[in-house]
Amino acid sequence: MAYWLMKSEPEVYGWESLVSEKIGVWDGVRNYSARNNLRAMKKGDDAFFYHSNAGKLTGVVGVVRVVGEAEPDITFGPPPHPWVVVKVAPVVKFKRLVSLAEIRAEPRLQKMELMRYGRLSVQKVLMAEWRIIWAMGQQKTG
DNA sequence: GCCAACGTTGGC
DNA sequence: GCCAACGTTGGC
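Anyway, here's the lowdown on the structure attached to this text. (Residues numbered from 1 in each chain as written. Chains lettered and ligands numbered in written order. Predicted model: local features only at pLDDT ≥ 70, side-chain atom pairs only at ≥ 80, totals over all residues. Heavy atoms only, no water.)

So, about the protein's contact with DNA strand C. Surveying the vicinity of DNA strand C reveals the residues Lys7, Tyr50, Ser52, Asn53, Thr58, Leu100, Arg104, Gly118, Arg119 and Ser121. In DNA strand C, atoms within 4 Å of the protein come 71% from sugar and phosphate. Here a phosphate oxygen of DNA strand C sits 2.9 Å away from a polar atom, N or O, in the main chain of Asn53. Taken together, the residues of the surface near DNA strand C sort by class into two nonpolar, five polar and three charged. (Near = heavy atom within 4 Å. Polar contact = N/O pair within 3.5 Å; in protein donor to acceptor, adjacent residues only side chain to side chain. Nonpolar A, V, L, I, M, F, W, Y, C, P; charged D, E, K, R; others polar.)

Relative to the 16 Å expected for twelve residues at 1.5 Å per residue, helix H6 (residues 127-138) spans 16 Å between its end C-alpha atoms, a close match to the ideal helical length. By the burial criterion, the buried members of H6 are Glu129, Trp130, Ile132, Ile133, Met136 and Gly137. End-on, the buried residues of H6 take up no more than an arc of 165 degrees, which puts them together on one face. Across from the buried face of H6, at angles greater than 90 degrees, the exposed residues are Ala128 and Arg131. As for H6, its buried residues are in contact with strand E1 (3-8), strand E3 (46-51), strand E4 (59-72), strand E5 (84-99), helix H4 (100-105) and strand E6 (122-125). (Helix = DSSP H or I, 4+ residues; strand = E, 2+ residues; numbered from the N terminus. Expected span 1.5 Å × (residues − 1). Buried < 20%, exposed > 50% of the residue type's maximum accessible area, 1.4 Å probe, protein only. Arc of directions from axis to C-beta. Contact = heavy atoms within 4.5 Å.)

Right, dumping it as structure tokens:
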């Protein structure tokens, strides 16, 4: 069982879009590192859903589960080509946003790929990092 | 809207 | 294989 972080711009495809679809096809990835991560995803893996490019709302909004493993991304064109999609379903929305600013400010999260290689749209998350962000997301807002 | 960081492309 | 030019992502 592995943990991941998947980015999407909420204006393009946000948490609410996924909830209304129930199962989302994660398409459009055109970067080899991100593609390799998509290929490594297994059914039952969990991923943080991260809203990118969203000003103060940039950050982790909830958890999704991989329900379909890599298959060709037909939005690129007919295979063969290198690009793949996975299918994900919403699991739980956080009680509050865990913003990028907070992640930046948390010393235990400084080694996250998010800090080192911010532009990667599909990233691996370590279990320790997963637990920290999960706990932050369960805190009640004041 | 700007721009830093990074990936990709293509000439050589 | 190197590297300059260019394109894209995404934070701010």
